[in-house]
Amino acid sequence: MNLKANLLDKDSIRRSLIRISHEIIEKNKGVDGIVLIGIKRRGYPLAKRIAENIRKFEGTDVPVGTVDISLYRDDLENLNDKATINDKNLGVEVKGKKVILIDDVLYTGRTVRAAIDAIMDQGRPSIIQLAVLIDRGHRELPIRADYVGKNIPTSKEEIVCVSIEEIDEEDSVKIYER
């Protein structure tokens, strides 16, 4: 793989998450009834960062849960035809809540669909909204993000690599050519 571009650095990611946090507060007219659910792996630390931003801005703690959808990644081919939900315990109550689902990259939409299924199995939220750091296009399902850090048009041959300090020891978004 050849590095094509460094798309976001630590400060750009921080600014994107601050903007998303403000947009969540504004669109929902505050944070009453909101829960954040991060899609493991990188969506969960992003959800925790957004919750921290909201706490700073609103003085209110927003519950953060996680949904584990393993053995499916959009950047690996033929790993599995279907997203697998390994742990249905979200760690937060979703029934009647405004759920903000958070992920690092939105690509085909299959991971988001599986996460929505897992959430719905735990109770019926009043609404589910989607926040992503990167929207790279190429949807295979009719799914769109409500909050986007950055839209990055890509080809299917390119790989978008999001690194998060909590997991990868750095914050960056890079695009590679195969």
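About the criteria used
Residues numbered from 1 in each chain as written. Predicted model: local features only at pLDDT ≥ 70, side-chain atom pairs only at ≥ 80, totals over all residues. Heavy atoms only, no water. UniProt positions renumbered as here; feature names shortened; annotations may be inferred. Helix = DSSP H or I, 4+ residues; strand = E, 2+ residues; numbered from the N terminus. Pairing = 2+ DSSP bridges. Axes fitted to C-alpha atoms, helices over the stretch in contact; angles between N-to-C directions. Buried < 20%, exposed > 50% of the residue type's maximum accessible area, 1.4 Å probe, protein only. Polar contact = N/O pair within 3.5 Å; in protein donor to acceptor, adjacent residues only side chain to side chain. Contact = heavy atoms within 4.5 Å. Core = buried A, V, L, I, M, F, W, Y, C linked by side-chain atoms within 4.5 Å. pLDDT = per-residue confidence, 0-100. Salt bridge = Lys/Arg side-chain N within 4 Å of Asp/Glu carboxyl O. Parallel < 35°, antiparallel > 145°, perpendicular 65-115°, else oblique. Left-handed = near helix turned anticlockwise from the far one by under 90°. Nonpolar A, V, L, I, M, F, W, Y, C, P; charged D, E, K, R; others polar.

- By the naming in an unreviewed UniProt entry, the protein chain is Bifunctional protein PyrR, taken from Clostridium cadaveris.
- What UniProt states about the protein chain under its Sequence similarities (unreviewed entry) heading is, verbatim, "Belongs to the purine/pyrimidine phosphoribosyltransferase family. PyrR subfamily."
- Comment text from UniProt for the protein chain, heading Subunit (unreviewed entry), reads "Homodimer and homohexamer; in equilibrium."

1. Focus: the UniProt feature "short sequence motif: PRPP-binding" (unreviewed entry) in the protein chain
- The feature "short sequence motif: PRPP-binding" (unreviewed entry), as given by UniProt, occupies residues 99–111 in the numbering adopted here.
- Summarising residues 99–111: 15% helix, 62% strand, and an end-to-end C-alpha distance of 16 Å.

2. Focus: the sheet that holds strand β8 (residues 158–163)
- Taken together, the three strands give an open sheet; going across it, the order is β1-β9-β8, and neighbouring strands pair in antiparallel fashion. On the outer flanks of this sheet lie β1 (2–8) and β8, each paired with one strand and no other. The sheet shows a mean angle of 25° between the axes of neighbouring strands, taken without regard to direction.

3. Some remarks on the side chain of Asp135
- With respect to the helices and strands, Asp135 occurs in strand β6 (residues 127–135).
- Residue class for Asp135 comes out buried when judged on its relative accessible area of 11%.
- Among the polar contacts made by the side chain of Asp135, one reaches the main-chain amide nitrogen of Gly137 at a distance of 3.0 Å.
- For Asp135, the side chain forms a polar contact with the side chain of Arg139, separated by 2.9 Å.
- When residues no more than four places from it in sequence are discounted, the contact partners of Asp135 are Leu106, Val148, Lys150, Asn151 and Ile152.

4. Considering the nonpolar core
- Ranked by size, the top nonpolar core spans 28 residues in total, and within it Leu36, Leu133 and Ile134 carry the most contacts.
- Broken down by secondary-structure element, the contributors of at least two residues to this core are α1 (10–27), β2 (34–39), α2 (43–58), β5 (98–106), β6, β8 and β9 (172–177).
- For Leu133, the contacting residues outside a window of four places in its chain are Leu8, Ile13, Ser16, Leu17, Leu46, Asp103, Asp104, Gly149, Lys150, Val162 and Val173.
- Counting residues in each nonpolar core, the second largest holds 21 residues, with Val92, Leu101, Leu106 and Ile119 among its members.

5. Remarks on unusual backbone geometry
- With omega at 15°, the peptide bond leading from Lys40 into Arg41 counts as cis.
- Its location among the elements puts Arg41 in the loop between β2 and α2.
- Of note, Lys29 is a non-glycine position whose phi angle comes to about 55°, a positive value.
- Its identity as a non-glycine residue notwithstanding, Glu169 has a phi of 65°, on the positive side.

6. Comments concerning the confidence of the model for the protein chain
- In the predicted model, the protein chain carries a mean pLDDT of 91, and 89% of its residues have values of at least 70.
- Across residues 71–80, where pLDDT falls below 50, the model places 16 contacts with residues more than four positions away in sequence or in other chains.

7. Focus: the environment of Met120
- Positionally, Met120 belongs in helix α3 (residues 110–121).
- Note: C-alpha distance between Met120 and Val94 (26 residues apart in sequence) is 8.4 Å.
- Other than its neighbours up to four places away in sequence, Met120 contacts Pro125 and Ile128.

8. With respect to the pattern of salt bridges
- As enumerated under the stated definition, the model contains 14 salt bridges in all.
- Close ionic contact of Glu170 with Lys174 constitutes a salt bridge, the shortest N to O distance being 3.6 Å.
- Overlapping salt bridges, with partners in common, bring together Lys27, Arg144 and Asp146 in one network.

9. A word on the packing of α1 against α2
- Between α1 and α2, the shortest axis-to-axis distance is 9 Å and the interhelical angle comes to 60°. It follows from the interaxial angle that α1 and α2 lie oblique. Regarding α1 and α2, the two cross each other, and that crossing is right-handed. Packed against α1, whose contacting residues are Ile13, Leu17, Ile18, Ile20, Ser21, His22, Ile24 and Ile25, the element α2 presents Leu46, Arg49, Ile50, Asn53, Ile54, Phe57 and Glu58 at the interface.
- When its residues are assigned to classes, the contact of α1 with α2 shows 10 nonpolar, three polar and two charged.

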